[in-house]
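Letter by letter, the chains look like this.
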Amino acid sequence: YLNWALTYASQQTITLQPGSEGKDAAINTYNPDTNWEDRDDFGAGNSSIDTVRAYIQFELSTIPAEARITDADLRLYHHSAWGSDAFTIGLYKVTGNWLENTVTWNNQPTSSSNAEYLRSIPAGSVNYWRSWDIDTLAQGWLDGTITNYGMLLMDTDESLVNTAAFFYSSDYATDTTKCPKLEIDYYIP
């Protein structure tokens with residue numbers, strides 16, 4: 001039997017964009033034991049002398065646990081770059097715990113071996129928002145089927161390309177509207 005009085009669940013939108021209380025950190029090979037928690041940016045890519053990666057994690061406690069996510073996008077403001085080649089940044093699921101104030105290249109946590117999501121970065125293109133569609137990952141964090149250790153951003157081939165992209169971190173105080181954000185659309189069934 002059908003109940004013709006059923007109504008559609010309304011969609012809600014939330015943007016998580018923490019300031020300095022956000023959890024993100026840069027790591028690099030040139031300073032493998034240095035923690036960069038307070039940098040106002042982080043990057044992904046490499047040069048002849050350095051490889052850079054970034055860790056980022058969002059707290060989802062403001063979203064109801066029973067919510068069903070229809071769209072989730074990590075958005076980062078790409079403000080500068082090294083090199084002049086196009087390349088791809090992979091977003092990897094972090095599978096081990098890490099602390100913003102202690103993570104370094106030499107103690108970085110484990111992560112998935114395959115990228116969950118990819119973003120092509122065009123050569124010489126800066127001052128743009130870049131997005132990674134992370135619907136499945138965010139839903140897993142919310143419903144507890146995936147432990148939320150956050151995300152790792154890194155060049156998908158750190159051995160070949162001499163390019164890196166840099167994004168503002170949650171510690172970027174000059175214009176907080178350009179800090180990392182997670183935009184989520186959801187409904188309550």
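Because the structure is a prediction, the values reported are computed rather than measured.

(A) Structural detail: the overall build of the protein chain. Along the backbone of the protein chain there are 1 helix and 11 strands. The C-alpha radius of gyration of the protein chain comes to 18 Å, within 12% of the 16 Å expected for a compact globule of 189 residues. Principal-axis analysis of the C-alpha atoms places the extent of the protein chain at approximately 65 × 35 × 30 Å. Within the protein chain, buried positions represent 47% of all 189 residues. Counting only contacts in the protein chain whose residues sit at least 6 apart along the sequence, the fraction spanning at least 24 positions is 82%. Accessible surface computed for the protein chain: about 9,600 Å², of which carbon and sulfur atoms make up 47%.

(B) Expanded view of the nonpolar core. Counting 35 residues, the largest nonpolar core has Leu74, Trp132, Ile134, Leu153 and Ile184 as its most contacted members. Setting aside anything within four residues of it in sequence, one finds Ile184 in contact with Gln12, Thr13, Ile14, Leu16, Leu60, Ile63, Ile69, Asp71 and Ala72. The next biggest cluster of nonpolar side chains, apart from the first, holds 10 residues, and it includes Val94, Trp98, Trp105 and Met154.

(C) Geometry of the environment of Thr136. You can see Thr136 is positioned in helix α1 (residues 135-143). Relative accessible area serves as the criterion here: at 60%, Thr136 is assigned to the exposed category. Distance from Thr136 to Ile146, taken between C-alpha atoms, is 9.7 Å for residues 10 residues apart in sequence. Once you skip the residues sitting within four places of it in the chain, Thr136 turns out to touch Tyr117 and Ile146.

(D) Structural context of the packing of aromatic side chains. Evaluation of the coordinates by the stated rule reveals 7 aromatic pairs. Relative to Trp129, the ring of Tyr77 has its centre 5.4 Å away and its plane inclined at 80 degrees; by these criteria the two rings are edge-to-face. With Tyr77 in strand β5 (residues 68-82) and Trp129 in strand β8 (residues 128-133), this pair connects stretches of sequence that are 52 residues apart. Judged by its relative accessible area of 26%, Trp129 falls in the partly exposed class. Here the aromatic residues Tyr77, Trp129, Tyr168 and Tyr172 are joined through ring pairs into a cluster of three or more. Geometry around Trp129 places Lys181 over its ring, the cationic atom sitting 4.4 Å from the centre.

(E) Inspection of the side chain of Asp73 at higher detail. The residue Asp73 is located in strand β5 in this model. For Asp73, which is buried and forms no salt bridge, the nearest opposite charge comes from Arg75, at a distance of 6.8 Å. Sequence-distant contacts of Asp73, that is, excluding residues within four places in its chain, are made with Trp132, Asp133, Lys181, Leu182 and Glu183.

(F) Fine view of the environment of Thr110. With respect to the helices and strands, the residue Thr110 is situated in the loop between β6 (87-93) and β7 (117-121). When the C-alpha positions of Thr110 and Lys93 are compared, they lie 8.9 Å apart, and in sequence the two are 17 residues distant. Apart from residues no more than four positions distant in its own chain, Thr110 is found in contact with Val94, Thr95 and Gly96. Side-chain polar atoms of Thr110 contact the side chain of Thr95, separated by 2.7 Å.

Rules and cut-offs
- Residues numbered from 1 in each chain as written.
- Predicted model: local features only at pLDDT ≥ 70, side-chain atom pairs only at ≥ 80, totals over all residues.
- Heavy atoms only, no water.
- Helix = DSSP H or I, 4+ residues; strand = E, 2+ residues; numbered from the N terminus.
- Rg over C-alpha atoms; globule rule 2.2 N^0.38 Å.
- Buried < 20%, exposed > 50% of the residue type's maximum accessible area, 1.4 Å probe, protein only.
- Contact = heavy atoms within 4.5 Å.
- Areas by Shrake-Rupley, 256 points an atom, 1.4 Å probe, with all protein chains shown as cover.
- Core = buried A, V, L, I, M, F, W, Y, C linked by side-chain atoms within 4.5 Å.
- Phe/Tyr/Trp six-rings, centres within 6.5 Å; stacked < 30°, edge-to-face > 60°.
- Lys NZ or Arg CZ within 6 Å of the ring centre and 35° of its normal.
- Lys, Arg positive; Asp, Glu negative; His and termini not counted.
- Salt bridge = Lys/Arg side-chain N within 4 Å of Asp/Glu carboxyl O.
- Polar contact = N/O pair within 3.5 Å; in protein donor to acceptor, adjacent residues only side chain to side chain.

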